[in-house]
Amino acid sequence: GENVGLHLPTLSVQEGDNSIINCAYSNSASDYFIWYKQESGKGPQFIIDIRSNMDKRQGQRVTVLLNKTVKHLSLQIAATQPGDSAVYFCAENLYGNQFYFGTGTSLTVIP
Amino acid sequence: DTAVSQTPKYLVTQMGNDKSIKCEQNLGHDTMYWYKQDSKKFLKIMFSYNNKELIINETVPNRFSPKSPDKAHLNLHINSLELGDSAVYFCASSPTSGGAKETQYFGPGTRLLVL
């Protein structure tokens, strides 16, 4: 499969601070990306997506940035809350509905 | 109402046994998937079915056989279970067919432990 990797396997932030989770993807032809959140004991849950014709997309407290030049994706979470503690995955899509997932970053929010 | 459900939630079995995991989605989606998540949280697609037809079949041992009796159900049967099959198996679904790029909705997972 494709190589979708994350720069940091774990991240700890203070409650109220902003979090940035990074992801590198390997296929420059990938044109659709999704960030998922996986809480302990649950399945991945959609957070935000972005297509390759955009370089930034904002949601509620989350922003995804896409840098196609260096094949890099990031997820920014504003005012991180304890409920944001989870494993975060980026997934890239090259064709059809087949996605390749990264290994995940575990985010811990310190109260 | 649970959108994507899986049974059982936990499955502990002996090596060499045959077991099945069931998945149902009540979202009216056309496409369903099976993923395997290993102990390091790496999530890898195994199969994709669209309207009961196999679309994606990644490099998976033929001991794994998906079966889709209708588009709301995708079951996974595993023959001759091996220690390395221990993992969390996630079912997912997505709305449309035809290779649309869209998000997938995941079930809660089935935690399989092979002893």
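Procedures and definitions
- Residues numbered from 1 in each chain as written.
- Chains lettered and ligands numbered in written order.
- Predicted model: local features only at pLDDT ≥ 70, side-chain atom pairs only at ≥ 80, totals over all residues.
- Heavy atoms only, no water.
- Helix = DSSP H or I, 4+ residues; strand = E, 2+ residues; numbered from the N terminus.
- Rg over C-alpha atoms; globule rule 2.2 N^0.38 Å.
- Buried < 20%, exposed > 50% of the residue type's maximum accessible area, 1.4 Å probe, protein only.
- Contact = heavy atoms within 4.5 Å.
- Buried area = accessible area lost by both parts, 1.4 Å probe.
- Salt bridge = Lys/Arg side-chain N within 4 Å of Asp/Glu carboxyl O.
- Polar contact = N/O pair within 3.5 Å; in protein donor to acceptor, adjacent residues only side chain to side chain.
- Nonpolar A, V, L, I, M, F, W, Y, C, P; charged D, E, K, R; others polar.
- Disulfide = S-S within 2.5 Å.
- Lys, Arg positive; Asp, Glu negative; His and termini not counted.

Colleague: I tried to follow the overall build of chain A on my own but got confused; where do I start?
Modeller: Of the regular secondary structure elements, chain A holds zero helices and 11 strands. Mapped from its N terminus to its C terminus, chain A presents α and β elements in the order β-β-β-β-β-β-β-β-β-β-β. Taken over C-alpha atoms, the radius of gyration comes to 13 Å for chain A, in line with the 13 Å a tight globule of 111 residues would show. Considered along the principal axes of its C-alpha atoms, chain A spans approximately 40 × 25 × 20 Å. Looking at chain A as a whole, 46% of its 111 residues are labelled buried.

Colleague: How do you make sense of the interface of chain B and chain A when you look at a structure like this?
Modeller: It is common to give the size of an interface as the accessible area lost on bringing the parts into contact. On the side of chain A, 24 residues touch chain B, which itself brings 25 residues to the contact. Between chain B and chain A, the buried area comes to about 1,900 Å², and carbon and sulfur atoms account for 51% of it. Summed over the shared surface of chain B and chain A, the result is zero salt bridges. Scanning the region where chain B abuts chain A turns up four residue pairs in polar contact (both at pLDDT 80 or more). Those elements giving two or more residues to the side of chain B that touches chain A turn out to be strand 4 (31-37), strand 5 (43-50) and strand 9 (87-94) of chain B. Looking at the side of chain B that touches chain A residue by residue, the class counts come to 10 nonpolar, eight polar and seven charged.

Colleague: Just to check I follow, could you spell out the state of the cysteines for this structure?
Modeller: Each disulfide is one covalent bond, formed between the sulfur atoms of two cysteines. Residue and element names in this part refer to chain B. For the structure shown, the criterion picks out two disulfides over all chains. One disulfide in the model links Cys 23 with Cys 91; its S-S distance is 1.9 Å. Negative torsions about the S-S bond denote left-handed disulfides, and the value of about -75° found for Cys 23 with Cys 91 makes this one left-handed. Here Cys 23, found in strand 3 (residues 19-25), pairs with Cys 91, found in strand 9; they are 68 residues apart in sequence, far enough to count as distant. Taken as a pair, Cys 23 and Cys 91 share a single burial class, namely buried.

Colleague: Would you explain unusual backbone geometry in this entry?
Modeller: Glycine aside, residues mostly have negative phi, and peptide bonds are mostly found in the trans state. A cis amide bond links Thr7(B) with the next residue in sequence, Pro8(B), at an omega value of -5°. Tracing the sequence through the fold places Pro8(B) in the loop between strand 1 (4-7) and strand 2 (10-13). Residues other than glycine seldom take positive phi values, yet Arg61(A) does so here, at roughly 65°. On the accessibility criterion, Arg61(A) (30% relative accessible area) is partly exposed.

Colleague: Would you mind going over the side chain of Arg111(B) with me for this structure?
Modeller: Looking at the secondary structure, you find Arg111(B) in strand 11 (residues 110-114). No salt bridge forms around the buried Arg111(B); measuring N to O, its nearest opposite-charge neighbour Glu39(A) is 11 Å away. A distance of 3.0 Å separates a polar side-chain atom of Arg111(B) from the backbone oxygen of Gly41(A). In this view, Arg111(B) contacts Gly41(A), Lys42(A), Lys9(B), Tyr10(B), Leu11(B), Ala87(B) and Val88(B); residues no more than four positions away in its chain are not counted.

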